[in-house]
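# Examination of the molecular architecture
Listed here are the chains, written in short residue letters.
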Amino acid sequence: MEKIGIFLRMLVSILTRGPSRLTLAGNYLDAWNAHNVDRVLELTGGGSYQDPLTGGAVSGDALREHAKMLLKALPDLRFELDGPITAGEGTVAARYVLHATHTGDLPGQIGFDAVAATGKRIALPGTIFFNFDAEGHPAVSNLFDQVAFGEALGFQGFLLPQQMGDYSFGAFYRLNRTGASVYAEWLRDRHGRCAQAR
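Residues numbered from 1 in each chain as written. Predicted model: local features only at pLDDT ≥ 70, side-chain atom pairs only at ≥ 80, totals over all residues. Heavy atoms only, no water.

## Some details on the environment of Arg21
- Mapping Arg21 onto the fold places it in helix H1 (residues 2-33).
- A relative accessible area of 11% places Arg21 in the buried class.
- Spatially, the C-alpha atom of Arg21 lies 8.9 Å from that of Gly90, the residues being 69 residues apart in sequence.
- Contact partners of Arg21, with chain neighbours within four places excluded, come to Gly90, Val92, Phe132, Asp133 and Gly136. (Helix = DSSP H or I, 4+ residues; strand = E, 2+ residues; numbered from the N terminus. Buried < 20%, exposed > 50% of the residue type's maximum accessible area, 1.4 Å probe, protein only. Contact = heavy atoms within 4.5 Å.)

## Looking at the packing of aromatic side chains
- One pass over the structure, following the stated rule, counts five aromatic pairs.
- Centre to centre, the rings of Trp32 and Tyr49 are 5.9 Å apart; their planes meet at 40°, and the pair counts as tilted. Placement of Trp32 in helix H1 and of Tyr49 in strand S1 (residues 48-50) is noted, with a sequence separation of 17 residues between them. When sorted by exposure, Trp32 lands in the same class as Tyr49, which is buried.
- Look at Phe144 and Phe149: their rings are 5.5 Å apart centre to centre, the planes differ by 65°, and that puts the pair in the edge-to-face class. Each member of the pair Phe144 and Phe149 is classed as buried.
- Three or more aromatic residues link up through ring pairs in this structure, and these residues are Trp32, Tyr49, Phe79 and Tyr96. (Phe/Tyr/Trp six-rings, centres within 6.5 Å; stacked < 30°, edge-to-face > 60°.)

## Details of helix H3 (residues 60-73)
- Taking 1.5 Å of rise per residue, 14 residues should cover 20 Å, and H3 covers 20 Å from first to last C-alpha, within 8% of that figure.
- Residues of H3 that are buried include every one of Leu63, His66, Ala67, Leu70, Leu71 and Ala73, and no others. Down the axis of H3, the buried set is contained in an arc of 165°. They therefore lie on one face. Relative to its buried face, H3 has exposed residues pointing more than 90 degrees away, namely Asp61 and Lys72. (Expected span 1.5 Å × (residues − 1). Arc of directions from axis to C-beta.)

## So, the nonpolar core
- Tyr28, Trp32, Leu77, Ile128 and Phe130 are the most contacted members of the largest nonpolar core, which totals 36 residues.
- At the level of secondary structure, the elements contributing two or more residues to this core comprise H1, helix H2 (37-44), H3, strand S4 (91-101), strand S7 (121-132) and strand S8 (138-144).
- In terms of residue count, the dominant contributor to this core is H1 (six residues).
- When near neighbours in sequence (up to four residues on either side) are disregarded, Phe130 contacts Leu24, Ala25, Tyr28, Gly90, Thr91, Val92, Pro138, Ala139 and Val140. (Core = buried A, V, L, I, M, F, W, Y, C linked by side-chain atoms within 4.5 Å.)

## So, the packing of H2 against H3
- Interaxial distance between H2 and H3 falls to 10 Å at its minimum, and their mutual angle equals 140°. It follows that H2 is oblique to H3 by the angle criterion. The element H2 and its partner H3 pack so that their crossing is right-handed. Counting all contacts with H2, which are made through Val37, Asp38, Leu41 and Thr44, the residues of H3 involved are Gly60, Leu63, Arg64, Ala67, Lys68 and Leu71.
- Class assignment of the residues belonging to the contact of H2 with H3 gives a composition of five nonpolar, two polar and three charged. (Axes fitted to C-alpha atoms, helices over the stretch in contact; angles between N-to-C directions. Parallel < 35°, antiparallel > 145°, perpendicular 65-115°, else oblique. Left-handed = near helix turned anticlockwise from the far one by under 90°. Nonpolar A, V, L, I, M, F, W, Y, C, P; charged D, E, K, R; others polar.)

Dropping the structure here:
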């Protein structure tokens, strides 16, 4: 009987709260597609947002700056739903394909301040989750494959161990110019800090 009671409470929660949360998820994607940053912040409310480029959950002014950066780097950004928006108890999820052209700077890694515009067109699949707290505030997690994103922009993706035996692995690049050859190796520790070796 206890299990039946738990199931019934979950069902009531989904039926009573689900439609409004489905609407919020749809409105959220619409706000991004309209490039309406104020509306994105309004719908996030007292919650938070994160994607692989934020470095963690952001809200308020940090979310505003992140959204403006994305829309500057990807000025024709558009989320296309790839299936129905689904709801469970406390969670709404939607699969999408992100369509955009990379014409502005994106946050960089391994020693680069930014990834300059490549002019590449991307069509990147992902999933966005809305996890609601007891007060109805959403924690929005926008998930996509970082390797696929990098490859869409013309970068190489490698799967390397952090350490194997006596060897530690990092990132390497080489700059070739007439009469000179320069290389640099960037080593990243587990806290994300970079050090350069030549």
